Amino acid sequence: MDRSRSGLRDVLSSRLGRKIIVVLTLAVTVPLALFAAPMYFQTRAVAVEEADRGLKDYARFCGRHIVQTLSVAKAQLAYLSRGGTIPSGESYFRNHESIDPKTDHFPPWLTKEIARDIMKTGKVYLSPPFRLQEISSDGDFAVGMALLAPDGRILTGVIEPVHLWRGLATTARSRESGFFILNKNGIPVTGVDGEMSVSSNAAPLVPLDANTSRPTGASTLPGVGIARWAHERLFLAGMFLSDEWGILTYRREASVLDLPWQLFSSLAVLLLVSALAVLVISTKTAGYLYSPIARLTQEAARLGQGQWDAAVHLERDDELGTLAHTFNDMASAIRASHQELESSHRELQDLNLTLEKRVRDRTQALEESEQRARHDALHDPLTGLPNRMLLGDRIRKTIQECQREISRRFAVLFIDLDRFKTINDTMGHQAGDEMIRGMAKRISASIRPGDTATRVSGDEFAVLLDEVRDQEEALAVATRLHEALAPPFDILGTAIQGSFSVGIALGSCMTTDADFILREADAAMYQAKAAGRGRTCVFDKPAQRAVANRMELLHELRRVVAEKRFKLVEPKKSEARKPDDRGEIFPASGEP
């Protein structure tokens, strides 16, 4: 028994076995299916036709019931208007009251305009169905009725829902159906199904033809699921002052197709029994063909996975036996070729690993060299601070930001060590380098986060204040720098007191050139030196011109001394003297 089950599983798991079973099964089941399908669809069409006929009868029944109820209610309200009385058990109305048309006291479903139409036409007014909120949040729908009494007052009443809908709900349960009351636009105002649930949509439940006022479209009803439906008009306009009502009855598709589904189930059982019989017969047939092919497939899979001892031992003198011997010869040839290929692959893999390591090391060395070159190009080798090139780039970025935000301002501070040449000449260049590194550390520690400290050249440093409110904030940073640089520097065991001059240039959205503001900060620094060194000056053009003139005179004097083109002349004491714009004293005659 276990061997039979195993053989069946093997046959069903193979493509060849499944093909044999499918072919034999189709040979039996397809003719049965071709016979059963027309029978099912014919039965389904009959069931649908019967359901449609029943829905039409149900729609006419609902219409007659509602029209009869409204007619009786109209007669009762007319009787009440003439002073008659109706016992509470026989009255169709929940309540009724007499209203003076001149007052504003109307029920919610009646307006002054409708009251005037009642008095003008003398017709009985019938309201659209409305929910009785005083019963519950999902209460039944009721209908209001109003007519002109003989005394000139308007008699109103609300028809009990039990007289309008409850009988129809019982019928709906027995028919497995439901209905909707539609207004003239096809929008449902109330609905009842087999469970007495109420539905209301804001859009038309089913489109109505503009000429015939009848539903248009397919046989499926949106809003209530797939259903069969029928439509019936009530023609209330001749009896009442009212919009036209329509009744739309429906029945869900599942209840319509019960009989066809029963037939379909019987046919399915017949097809299943036939398929099982074919399965037993085809399994025996497929087993004889499948077993050797399955062994060949299994050994071929092992050979593909690298198990080189794969072989098929099949003692048969037919084509399958010849195929097994051919497979064994092929497996032996592949085994020998693989051993040679594996040896070559190991050698190639070793060479590839060596090459990859060399390429990786070379790439890493090139990346590190490129990073060092990029860093060295933008930083000072002595202090590690950004150099003049990087400073210019950051000033240009700050200028662009100021042009986007016009109220923003920035500042550049130029710092110079006074008499740095004296330190180099007296203590050597090593001491000078130590002095420069000490200045760089103190300046970097004194500036704000986001600002940039750079070494411009020699003993000159610059600080970019990325954003300042005004000149006073820049002066406050300069003061901190003076305080940080004031303590003596320990240079090669010797305490050296330095003096520093600071120049400040302010920038704004009007600044367009980074080199220009650097020159202004440099000029302000020279103003500080000219004013006595060890102080801070903010750039201004008049003072800058005086410093420029003085520097030009100093340059000319150095050039004259170097070229030995001067002559010392002592003027006579009696000759008058006057200063010229260079600040020197010349004879009044103008001779040197």
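The following paragraphs examine the structure supplied in this document. Just so it is clear, the model here is predicted, and its values are computed rather than measured.

Parameters at a glance
Residues numbered from 1 in each chain as written. Predicted model: local features only at pLDDT ≥ 70, side-chain atom pairs only at ≥ 80, totals over all residues. Heavy atoms only, no water. Core = buried A, V, L, I, M, F, W, Y, C linked by side-chain atoms within 4.5 Å. Buried < 20%, exposed > 50% of the residue type's maximum accessible area, 1.4 Å probe, protein only. Helix = DSSP H or I, 4+ residues; strand = E, 2+ residues; numbered from the N terminus. Contact = heavy atoms within 4.5 Å. Salt bridge = Lys/Arg side-chain N within 4 Å of Asp/Glu carboxyl O. Polar contact = N/O pair within 3.5 Å; in protein donor to acceptor, adjacent residues only side chain to side chain.

A look at the nonpolar core
Phase 1: Leu413, Ile415, Met435, Ile443, Phe461, Val463 and Leu465 are the most contacted members of the largest nonpolar core, which totals 31 residues.
Phase 2: At the level of secondary structure, the elements contributing two or more residues to this core comprise β10 (409-417), α9 (420-427), α10 (429-446), β12 (460-468), α11 (471-485), β13 (489-491) and β15 (500-507).
Phase 3: Examining the composition of this core, we find that 6 residues originate from one element, α10, more than from any other.
Phase 4: Excluding residues that lie within four positions of it along the chain, Leu465 makes contacts with Phe410, Ala411, Leu413, Arg448, Asp451, Ala474 and Val477.
Phase 5: One finds Leu126, Ile159, Trp165 and Leu236 within the second-largest nonpolar core, a separate group that totals 28 residues.

Section: the pattern of salt bridges
Phase 1: Following the criterion strictly, the structure yields 17 salt bridges and no others.
Phase 2: One salt bridge in this structure joins Arg533 and Asp418, with 3.9 Å as the shortest N-O distance. Of this pair, Arg533 sits in the loop between α12 (514-530) and β16 (536-538) while Asp418 sits in the loop between β10 and α9, placing them 115 residues apart in sequence.
Phase 3: With a relative accessible area of 32%, Arg533 lands in the partly exposed category.
Phase 4: With relative accessibility at 5%, the residue Asp418 sits in the buried group.
Phase 5: A salt bridge links Arg448 to Asp451; its shortest N-O distance comes to 2.6 Å. With respect to burial, Arg448 and Asp451 carry one shared label: buried.
Phase 6: Salt bridges sharing common partners tie together Asp416, Asp418, Lys529 and Arg533.

Details of the side chain of Ser501
Phase 1: Position of Ser501 relative to the elements: it lies in strand β15.
Phase 2: What makes Ser501 buried here is its relative accessible area of 0%.
Phase 3: Side-chain polar atoms of Ser501 contact the backbone nitrogen of Gly534, separated by 3.4 Å.
Phase 4: Discounting chain neighbours no more than four positions away, the residues touching Ser501 are Phe414, Ile415, Asp416, Asp418, Met525, Ala528, Lys529, Arg533, Gly534 and Arg535.

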